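# Structural characterization, general
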Amino acid sequence: MNETKSPDARDVERLFASEFGAQYTDRNRAIDPRKPAFFHDLFRRHGIRRVLECGSNLGLNLTDCVGDPEMDVWGIDIQRGAIRDAWASRAGGNFVVGSLFDLPFRDGRFDLAFTCGVLIHVPPAGIRDAIREMHRVSSRYLLCAEYHDDRDEVAVPWRGQAAALFRRNYKKLFLELFPDLVVVEEGYKGQEEGFDRITWHLFRKP
Ligand SMILES: C[S@@+](CC[C@H](N)C(=O)[O-])C[C@H]1O[C@@H](n2cnc3c(N)ncnc32)[C@H](O)[C@@H]1O
């Protein structure tokens, strides 16, 4: 990827689909068990059964959900190798290779579409389209768990890339795009809780 400050919407997607992404996956093959437990508990409390994680990587956030026989669990990621390994683990769930910008699911297919540490990697030129796709495939809930900044958007250098990570006011962005969303729960999860300092918001459609 070039070092421009104005990347094309799909520049970082291409980066993740390359050897760069495979190396990321190899560094992150383990997860703190409190992460999948948190998501499962949150979803169950809201009666959420049909779940899509956008940018699921190996599906490690979903392990507790796939172990729940009442849930229908899907992950999608641009990395072919990560999706292959998610299937190979035989842990359960359904995983497909694809892009945040063209989710291969019909409108309202899921009770919830969510991201964790993924929208931060979507450049300004694509962020609204990615959120619109999540909104389209969810009949009820959206969850974003990302790096927050009170300012609308701040590019943060990341692994030698000048424009591959963006802290944002994600809550404001979601509500600007879809003013009728209702925030039903939100919070912060730090490293002492097994997360990478994420701010999360659970939104419900009217
Ligand atoms: C930082 S990882 C987060 C993985 C997982 N959600 C977690 O919480 O550990 C970002 C993931 O998003 C995927 N990704 C980035 N851009 C994408 C895009 N445009 N479409 C689909 N997946 C994408 C990457 O391949 C990578 O697996």
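So, here's what we can say about the structure. (Residues numbered from 1 in each chain as written. Predicted model: local features only at pLDDT ≥ 70, side-chain atom pairs only at ≥ 80, totals over all residues. Heavy atoms only, no water.)

## Some thoughts on helix α2 (residues 19-27)
- Along α2, the residues that are buried comprise F20, G21 and T25. The buried residues of α2 all sit within an arc of 140 degrees when viewed along its axis, so they share a single face.
- The inward-facing, buried residues of α2 contact α1 (11-16) and α5 (80-88). (Buried < 20%, exposed > 50% of the residue type's maximum accessible area, 1.4 Å probe, protein only. Helix = DSSP H or I, 4+ residues; strand = E, 2+ residues; numbered from the N terminus. Arc of directions from axis to C-beta. Contact = heavy atoms within 4.5 Å.)

## Focus on the site of the ligand
- Lining the immediate environment of the ligand, one finds 19 residues, of which E13, E53, G55, N61 and D77 sit closest.
- For the ligand, a nitrogen atom lies 2.8 Å from a polar atom in the side chain of E13.
- Between the ligand and I78 there is a distance of 3.3 Å, counted from a nitrogen atom to a backbone nitrogen or oxygen.
- Protein chains shield 92% of the accessible area of the ligand, which is 600 Å² for the free molecule.
- When its residues are assigned to classes, the shell around the ligand shows seven nonpolar, eight polar and four charged. (Near = heavy atom within 4 Å. Polar contact = N/O pair within 3.5 Å; in protein donor to acceptor, adjacent residues only side chain to side chain. Areas by Shrake-Rupley, 256 points an atom, 1.4 Å probe, with all protein chains shown as cover. Nonpolar A, V, L, I, M, F, W, Y, C, P; charged D, E, K, R; others polar.)

## Quick notes on the packing of aromatic side chains
- This model, assessed by the stated rule, comprises 16 aromatic pairs.
- Aromatic pair F20 and W158: ring centres 5.6 Å apart, planes at 70 degrees, arrangement edge-to-face. With a gap of 138 residues between them, F20 in helix α2 and W158 in the loop between β6 (153-155) and β7 (166-168) connect regions that are remote in the sequence.
- Pairing W74 with F105 gives two aromatic rings, centres 5.5 Å apart and planes at 80 degrees, and the pair type is edge-to-face. Placement of W74 in strand β2 (residues 72-77) and of F105 in the loop between β3 (94-97) and β4 (110-116) is noted, with a sequence separation of 31 residues between them. For the residue pair W74 and F105, the accessibility class agrees, reading buried in each case.
- Connected via pairs of aromatic rings, a cluster forms that spans F38, F39, F43, F114, F195 and W200.
- The ring of F110 carries R109 above its face, with NZ or CZ at 4.8 Å from the centroid.
- Directly above the aromatic system of Y147 lies the positively charged group of R167, at a separation of 5.0 Å from the ring centroid. (Phe/Tyr/Trp six-rings, centres within 6.5 Å; stacked < 30°, edge-to-face > 60°. Lys NZ or Arg CZ within 6 Å of the ring centre and 35° of its normal.)

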